[in-house]
Amino acid sequence: MRGSRLRSIQARYTIITTMLLLVILALVGASIDMAIRYRIQDDGFGNAERVASQWSALVRIGDIPDPIPATAPVDLVQLVNAHGVVINSSRQAIGLPPISTSRPPADDRFQQLTEGSVMVMAIRVSPAADSPVVYAGLEEPAILHEHHLEYFIAAGVLVLLALAAWMTWCVVGRTLRPVAAIRARMSEITVSDLSLRVPIPPGEDEIALLARTANQTLSRLEEAVEQQRRFASTASHELRTPIAGLRVQLEEALLYPDDIDPRDTIRGALTASGRLEAIVNDLLQLARLRAADPAPQELIDLGALVTEEAAQGTGMPVRVQVTDRVQVRGSRIQLIRVVGNLLSNARRHADSRVEVSVGFADGKAVVAVVDDGAGIAPADRERVFERFTRLDDGRLRDSGGSGLGLAISRDIAHAHQGTLLIEDSPKGARFVLRLPAEDTRPLGADQEIQRTGTGRTAPPPRRATGEPAGKESAREESAREEDHRENASRQQGSRKEGSREGMTHEDTDTEGPVSWVGHRRR
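Colleague: Where do I start with the nonpolar core in this structure?
Modeller: Generally speaking, soluble globular proteins have nonpolar side chains that are buried together. Of all hydrophobic cores here, the largest spans 39 residues; its most connected members are Val306, Val328, Val354, Val356, Val367, Val369 and Phe431. Of all the elements, helix 7 (residues 332–349) adds the most residues to this core, at seven residues. Listed in part, the 17 residues of the second largest apolar core include Trp55, Ile68, Val74 and Met121.

Colleague: What should I look at first to understand unusual backbone geometry in this one?
Modeller: Residue proline 67 is reached from aspartate 66 by a cis peptide bond, and omega for that bond is 0 degrees. Within the fold, proline 67 resides in the loop between helix 1 (2–60) and strand 1 (76–80). For the peptide bond that leads from alanine 72 to proline 73, omega is 5 degrees, which places it in the cis range. Looking at the element boundaries, proline 73 is found in the loop between helix 1 and strand 1. If you check the backbone angles, glutamine 417 has positive phi at about 60 degrees while not being a glycine. Inspection of the secondary structure puts glutamine 417 in the loop between helix 9 (405–415) and strand 11 (419–423). Look at glutamine 417 and you get exposed, because its relative accessible area is 59%.

Colleague: Looking at this structure, how should I read the side chain of aspartate 33?
Modeller: In this structure, aspartate 33 sits in helix 1. The side chain of aspartate 33 is buried and forms no salt bridge, while arginine 37, the nearest opposite charge, is found at 4.0 Å. When neighbours within four sequence positions are excluded, aspartate 33 is seen to be in contact with Leu149, Glu150 and Ile153.

Colleague: Explain the sheet that holds strand 3 (residues 110–115) to me, please; I cannot follow it from the model alone.
Modeller: Think of a sheet as strands paired side by side through backbone hydrogen bonds, with each pair either parallel or antiparallel. The five strands lie next to each other as 2-1-5-4-3, forming an open sheet whose pairing is antiparallel. The open sheet has two edge strands, strand 2 (86–89) and strand 3, and neither has a second partner. Strand after strand, the sheet turns through a mean of 25 degrees between neighbouring axes, direction not considered. With five bridges connecting them, strand 1 and strand 5 (residues 133–139) associate as antiparallel partners. Looking across to strand 5, one finds that valine 77 is bridged to alanine 136.

Colleague: What exactly am I supposed to notice about helix 3 (residues 148–188) here?
Modeller: In an α-helix, one turn spans 3.6 residues; hence positions three or four apart end up facing the same way. The first and last C-alpha atoms of helix 3 sit 58 Å apart over 41 residues, in line with the 60 Å expected at 1.5 Å per residue. Where helix 3 bends most, the angle comes to about 45 degrees, and this point is valine 179.

Colleague: Would you mind going over the packing of helix 6 (residues 302–310) against helix 7 with me for this structure?
Modeller: In helix packing, the relevant descriptors are the interaxial angle and the interaxial distance, both defined with respect to the helix axes. Where helix 6 meets helix 7, the closest approach of the two axes is 10 Å, and the angle between their N-to-C directions is 50 degrees. Classified by the angle between their axes, helix 6 and helix 7 sit oblique to one another. For the pair helix 6 and helix 7, the crossing hand works out as right-handed. Between helix 6 and helix 7, the contacting residues are Leu305, Val306, Glu309 and Ala310 on the first element and Arg332, Leu335, Ile336, Val339, Gly340, Leu343 and Arg347 on the second. Here the residues of the contact of helix 6 with helix 7 are counted per class, giving seven nonpolar, one polar and three charged.

Colleague: Is there a simple way to explain the pairing of strand 10 (residues 364–371) in this structure?
Modeller: Regular strands have side chains that alternate between both faces of the sheet. Where burial is concerned, most of strand 10 is hidden: seven out of the eight residues are buried. As paired strands, strand 9 (residues 354–361) and strand 10 are joined by seven bridges and run antiparallel to one another. By the bridge assignment for strand 10, alanine 361 is matched with lysine 364. In this antiparallel pair of consecutive strands, strand 9 and strand 10, the connection spans two residues, and aspartate 362 shows a positive phi of 55 degrees.

Colleague: Which parts of the structure should I look at to understand the environment of serine 56?
Modeller: When you line up the elements, serine 56 lands in helix 1. Among the residues examined, serine 56 registers a relative accessible area of 2% and is labelled buried. The sequence separation of serine 56 and serine 126 amounts to 70 residues, and the corresponding C-alpha distance is 9.0 Å. In contact with serine 56, other than residues within four places in its own chain, are Arg109, Ile123, Arg124, Val125 and Val134.

About the criteria used
- Residues numbered from 1 in each chain as written.
- Predicted model: local features only at pLDDT ≥ 70, side-chain atom pairs only at ≥ 80, totals over all residues.
- Heavy atoms only, no water.
- Core = buried A, V, L, I, M, F, W, Y, C linked by side-chain atoms within 4.5 Å.
- Buried < 20%, exposed > 50% of the residue type's maximum accessible area, 1.4 Å probe, protein only.
- Helix = DSSP H or I, 4+ residues; strand = E, 2+ residues; numbered from the N terminus.
- Lys, Arg positive; Asp, Glu negative; His and termini not counted.
- Salt bridge = Lys/Arg side-chain N within 4 Å of Asp/Glu carboxyl O.
- Contact = heavy atoms within 4.5 Å.
- Pairing = 2+ DSSP bridges.
- Axes fitted to C-alpha atoms, helices over the stretch in contact; angles between N-to-C directions.
- Expected span 1.5 Å × (residues − 1).
- Bend = angle between axes of the 7 residues up to and from the residue.
- Parallel < 35°, antiparallel > 145°, perpendicular 65-115°, else oblique.
- Left-handed = near helix turned anticlockwise from the far one by under 90°.
- Nonpolar A, V, L, I, M, F, W, Y, C, P; charged D, E, K, R; others polar.

Interpretation in functional terms is not warranted from these geometric data alone.
Below, the structure written as structure tokens:
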């Protein structure tokens, strides 16, 4: 039984390979046939055109002998008048009807024709309506009109096809022998029991590597299935709470219509549905990131992006410092989501101030977001990046959060080949985002950025002498401010497309270059 299965697989792969090779060899054979045919016909028509052009010129000056001298291979030459009557011809064409009844038009005096097995070049002597036509023709080689070329190519294709089929049969048969044990073990593995592993044959050949790779894949699959089970359980639990609250409010409105204000019920239902929408949107974002859905890549000035994000909204003041002009390549919408999550998280937990820095270290663009709040205990620094994890302090400050913001932010960082971590800080929490840098340039003294709480660009800092730093003219400063307003407008559009939920921003005070960190604490 097992042997018959192996032979069936062997036959199937041999047939598939043979059919593919048949298509490929047929295309190659057709290409060779067309190339040879085109070359022979091109040479034949070229010879015919030279002969026809020679006699066409003599006809125009009235100096053409009778009969027309002609030699092989172009030995058929005729001069035919406008009524289709042969008025002169070569010795080999005497007594023959016109080689062709086709007359070239006045605006296209040269025509290549094929009449049966004869390749003909027709040249109209002049554009006049009664102009005669010179026909010069030669017989096609037997290899073309008797299809000897096609027969030869087909025979070669069949020989190569038979050889390839035999080799495929032998190779696949030998390969399937050690695979039988692996197949048998794989058939025993089910979703309910992913602990089994395939046997690894001795040696370091491809089959042994296949078995090791299969075992590694099974290990990752077992881990992924377990994660999916935990995630499904947690997601159902998180969704159950707002759904239960919504149901209770609606049932109370139906059971006690005289005691319940419909407006309060509607407001409560909208709040619950808003939380449900936030959770579903975050789950969809996580699914897209985990599916490695490619996002549009562009070159982004990280300092400008962080500065613009920090300038949005009102509330807790944010101080942004950009020490290097760092450019990264990635999705602007996704990076805005990360920065927005980190700033929103820092503002929510800060006591009086949030500081953001953007710089460059060890070949990486670094964004650090620091607040002066209570901070995060070292034991919770990895746990807060898990889905639906919300610390007690986060629940008190924002009871409507989904608990997915930091998980999404870390996934976005990983999708950009970066990292998002929580590092030690004298006070509060310090979120650090690191991304591969595309380009880095130091900022000069006259390039520092100053922003007020309203997000407007302040005058450049002054030197000790009281003169403005830098030598730009007033026109250049005005152009720079205009560019900034355009960038802010584009950023606002990107922010709407990203549909970030629960993201508020505060007044921003920026000095110098910027770095960024970031995620929301749950």
